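Single-letter residue listing:
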Amino acid sequence: MINKAIILGNLGADPEMRESKGGMAIANLRIATTSRAKKDGEWADFTEWHSVTCFGKTAENVGKYCTKGKQVYVEGRIQTRKWEDKEGNNRYSTEVVADIIKFLGGKPQGSEKRESEGYDAPF
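Residues numbered from 1 in each chain as written. Predicted model: local features only at pLDDT ≥ 70, side-chain atom pairs only at ≥ 80, totals over all residues. Heavy atoms only, no water.

J.: What exactly am I supposed to notice about the environment of Arg-77 here?
T.: Tracing the backbone through its elements, the reader meets Arg-77 in strand 5 (residues 71-84). The spacing of Arg-77 and Asp-99 is 22 residues in sequence and 7.9 Å in space, taken between C-alpha atoms. Beyond its immediate stretch of four places on either side in the chain, Arg-77 contacts Asn-3, Glu-95, Val-96 and Val-97. Here the side chain of Arg-77 touches Gln-79 through a polar contact of 2.8 Å, side chain to side chain. (Helix = DSSP H or I, 4+ residues; strand = E, 2+ residues; numbered from the N terminus. Contact = heavy atoms within 4.5 Å. Polar contact = N/O pair within 3.5 Å; in protein donor to acceptor, adjacent residues only side chain to side chain.)

In structure tokens, the structure reads:
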């Protein structure tokens, strides 16, 4: 069985950072991907939003270097969680749990890396 997701898109907001009870960093991201298709004879863009979660060192680096609008490449697995809302109803949310996140499109602000080297490193 294979459970693999690959997303190449842009961050819709700065990452939401938090820590687990054990002190591990957790980052939640909202990533937009866009495709083009004909609708009523005209070309139109369709945006899909993806929830992505990462942990540990990956999450620390995401919190440090990623900001709204940044293009990212994500590899991970799809996971659906079940939870109860305030009224006791079962709710579900599906997300990508990232194993690899690559930052694309140049160096992050404040980096000492030379511009000619770019910035495309997995964490």
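J.: How should I be thinking about the layout of surface pockets in this particular structure?
T.: To find the voids left in a structure, one rolls a probe of water-molecule size over its atoms. Considering only enclosed or pocket space, the largest pocket measures out at about 300 Å³ in volume. Forming the boundary of the largest pocket are 17 residues, of which Arg-18, Asn-28, Thr-53, Arg-81 and Glu-95 lie nearest the centre. Looking at the lining of the largest pocket, the elements that each hand over two or more residues are strand 2 (16-19), strand 3 (25-39), strand 4 (42-55), strand 5 and strand 6 (90-104). Considered class by class, the residues forming the lining of the largest pocket number 5 nonpolar, 6 polar and 6 charged. (1 Å grid on protein atoms, 1.4 Å probe; cavity = no way out; pocket = protein on both sides within 12 Å on 5 of 7 lines; lining within 4 Å. Points joined across faces, edges and corners; volume = space filled by probe spheres on them. Nonpolar A, V, L, I, M, F, W, Y, C, P; charged D, E, K, R; others polar.)

J.: I tried to follow the pairing of strand 3 on my own but got confused; where do I start?
T.: Across a regular strand the side chains alternate sides, sitting on one face of the sheet and then on the other. By the bridge criterion, 2 bridges tie strand 1 (residues 5-11) to strand 3 in an arrangement that is antiparallel. When the sheet's bridge partners are listed, Leu-11 is paired in strand 3 with Ile-31. When strand 2 meets strand 3, the two strands line up antiparallel, connected through 4 bridges. Within strand 3, the residue paired with Met-17 across the bridge is Ala-27. With antiparallel pairing between neighbouring strands as the criterion, strand 2 and strand 3 make up a hairpin whose turn holds 5 residues, including Gly-23 at a positive phi of roughly 95 degrees. Pairing analysis gives 14 bridges linking strand 3 to strand 4, with the strands arranged antiparallel. In the sheet register, Lys-38 faces strand 4, and the bridge partner there is Trp-43. What sits between the antiparallel neighbours strand 3 and strand 4 is a turn of 2 residues, in which Asp-40 has the positive phi angle 55 degrees. (Pairing = 2+ DSSP bridges.)

J.: Could you clarify how one ought to interpret the packing of aromatic side chains in this entry?
T.: Aromatic ring pairs are described here by two measures, namely the spacing of the ring centres and the angle between the planes. Counting across every chain of the model gives 1 aromatic pair. Where Tyr-65 meets Phe-103, the ring centres are 6.2 Å apart and the plane angle is 50 degrees; that geometry is what we call tilted. Within this pair, whereas Tyr-65 is found in helix 1 (residues 56-65), its partner Phe-103 is found in strand 6, the two being separated by 38 residues in sequence. (Phe/Tyr/Trp six-rings, centres within 6.5 Å; stacked < 30°, edge-to-face > 60°.)

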